[in-house]
Amino acid sequence: KAGVTQTPRYLIKTRGQQVTLSCSPISGHRSVSWYQQTPGQGLQFLFEYFSETQRNKGNFPGRFSGRQFSNSRSEMNVSTLELGDSALYLCASSLNAEQYFGPGTRLTVT
Amino acid sequence: AQSVTQLGSHVSVSEGALVLLRCNYSSSVPPYLFWYVQYPNQGLQLLLKYTTGATLVKGINGFEAEFKKSETSFHLTKPSAHMSDAAEYFCAVSGQNYGQNFVFGPGTRLSVLP
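Predicted model, so just to flag it, every value in this text is computed and none were measured.

Moving on: the overall build of chain A. In terms of helices and strands, chain A carries zero helices and 11 strands. Shown N-terminal to C-terminal, the secondary structure of chain A runs as helices and strands in the order β-β-β-β-β-β-β-β-β-β-β. Over its C-alpha trace chain A gives a radius of gyration of 13 Å, about what one expects of a compact globule, namely 13 Å for 110 residues. A principal-axis box enclosing the C-alpha atoms of chain A has dimensions of 35 × 25 × 25 Å. Looking at chain A as a whole, 52% of its 110 residues qualify as buried. In chain A, 52% of the contacts between residues at least 6 apart in sequence involve partners at least 24 apart. Carbon and sulfur atoms make up 48% of the accessible area of chain A, which amounts to about 5200 Å² in all. Taking the average location of the 11 positive side-chain charges in chain A and that of its 6 negative ones, the two points are 4 Å from each other.

Right under this line is the structure:
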C-alpha cells in the first residue's frame, strides 16, 4: 500500500497570505489528523477528521481550518499567515488506533 | 486529560551501548502508548505500540518497551545502539476510545557516538 502523501513538501509564503496543504491518507483509512511541529513547541495537535467530520480539535486559533473529502483526502488551510506559523505540518492517517505519518510540508513564512 | 513527559531532551550513548529513553504519562482513562522515531526532514515512523495484553512490547529495529501501570511509565530500550539509531524519539499517549487524539511528548534526541 502507498503511504501517506503530503503536498507540497516545501512552501514559502509571505505574512498575511493564506495557504492550503493537502494530505492523502493510506487507502482504507478514514481518519486524518494534522499536527504542527516547531522546535519550540514540539508536536501540537491541530485537528482530526473522520468521515468528512471534524471529530477533535486542538487549541489553535480560527485561522487554522481543515476539511475532509469523501475519498478521505484532507486539506488544511491557514489564513492571514504569521511568522510564527513557520513549521513542519504533519498529516497522519489512522486505523485501529495506529497513526501513520506523511513526510510533512515545511512551511516558511517571511 | 492526558500528558506525556520524556526525561532528557538529549541522550548520548556509545555505539554498542544500551539505549534507554524514558517516558512517563498521565491519563484519566486506560491508555494506548506509542513510540515514534523521526529522522531529519522526515515524518514520524511507528516503532512500537502498547494497546492491551502483554506489557512488554517489541518493535522494529530491535527496540522494545515495557508498560508499567504502577509507575505510569513506558520506557524505550535497545540492548545495543547502532549509528543508524541517531534520531529524535517521541512517546505518545491516546485514549482507548477510537478518535481520542494523540498527545505527544516533547521528544528526545538520541546521539550515538562511535
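Next comes the rest of the account.
Right, let's get into empty space enclosed by the protein. Scanning all chains against the criterion turns up one cavity of 30 Å³ or more. As a volume, the largest cavity reaches approximately 40 Å³. A breakdown of the residues in the lining of the largest cavity according to their chemical character gives three nonpolar, three polar and two charged.

The omega torsion across A:T7 and A:P8 is -10°, close enough to zero to call that bond cis. Residue placement: A:P8 occurs in the loop between β1 (5-7) and β2 (10-13). Located in the positive-phi region is B:T72, a residue other than glycine, with phi close to 45°. With respect to the helices and strands, the residue B:T72 is situated in the loop between β8 (64-68) and β9 (73-78). Here B:T72 falls in the partly exposed class, since its relative accessible area comes to 32%.

Another aspect to go through is the pattern of salt bridges. All names here are of chain A. Scanning all chains against the criterion turns up nine salt bridges over all chains. Between D85 and R63 there is a salt bridge; the shortest N-O distance is 2.9 Å. Of this pair, D85 sits in the loop between β8 (74-78) and β9 (87-95) while R63 sits in the loop between β6 (53-57) and β7 (64-68), and the two are 22 residues apart along the sequence. The exposure class assigned to R63 is buried, which follows from its relative accessible area of 16%. Residue E75 is joined to R67 by a salt bridge in which the shortest nitrogen-to-oxygen separation is 3.2 Å. Judged by relative accessible area, E75 falls into the buried class, the value being 16%. Within the structure, one salt-bridge network assembled from shared partners comprises R63, E82 and D85.

Parameters at a glance
Residues numbered from 1 in each chain as written. Chains lettered and ligands numbered in written order. Predicted model: local features only at pLDDT ≥ 70, side-chain atom pairs only at ≥ 80, totals over all residues. Heavy atoms only, no water. Helix = DSSP H or I, 4+ residues; strand = E, 2+ residues; numbered from the N terminus. Rg over C-alpha atoms; globule rule 2.2 N^0.38 Å. Buried < 20%, exposed > 50% of the residue type's maximum accessible area, 1.4 Å probe, protein only. Contact = heavy atoms within 4.5 Å. Areas by Shrake-Rupley, 256 points an atom, 1.4 Å probe, with all protein chains shown as cover. Lys, Arg positive; Asp, Glu negative; His and termini not counted. Charge placed at Lys NZ, Arg CZ, Asp CG, Glu CD. 1 Å grid on protein atoms, 1.4 Å probe; cavity = no way out; pocket = protein on both sides within 12 Å on 5 of 7 lines; lining within 4 Å. Points joined across faces, edges and corners; volume = space filled by probe spheres on them. Nonpolar A, V, L, I, M, F, W, Y, C, P; charged D, E, K, R; others polar. Salt bridge = Lys/Arg side-chain N within 4 Å of Asp/Glu carboxyl O.

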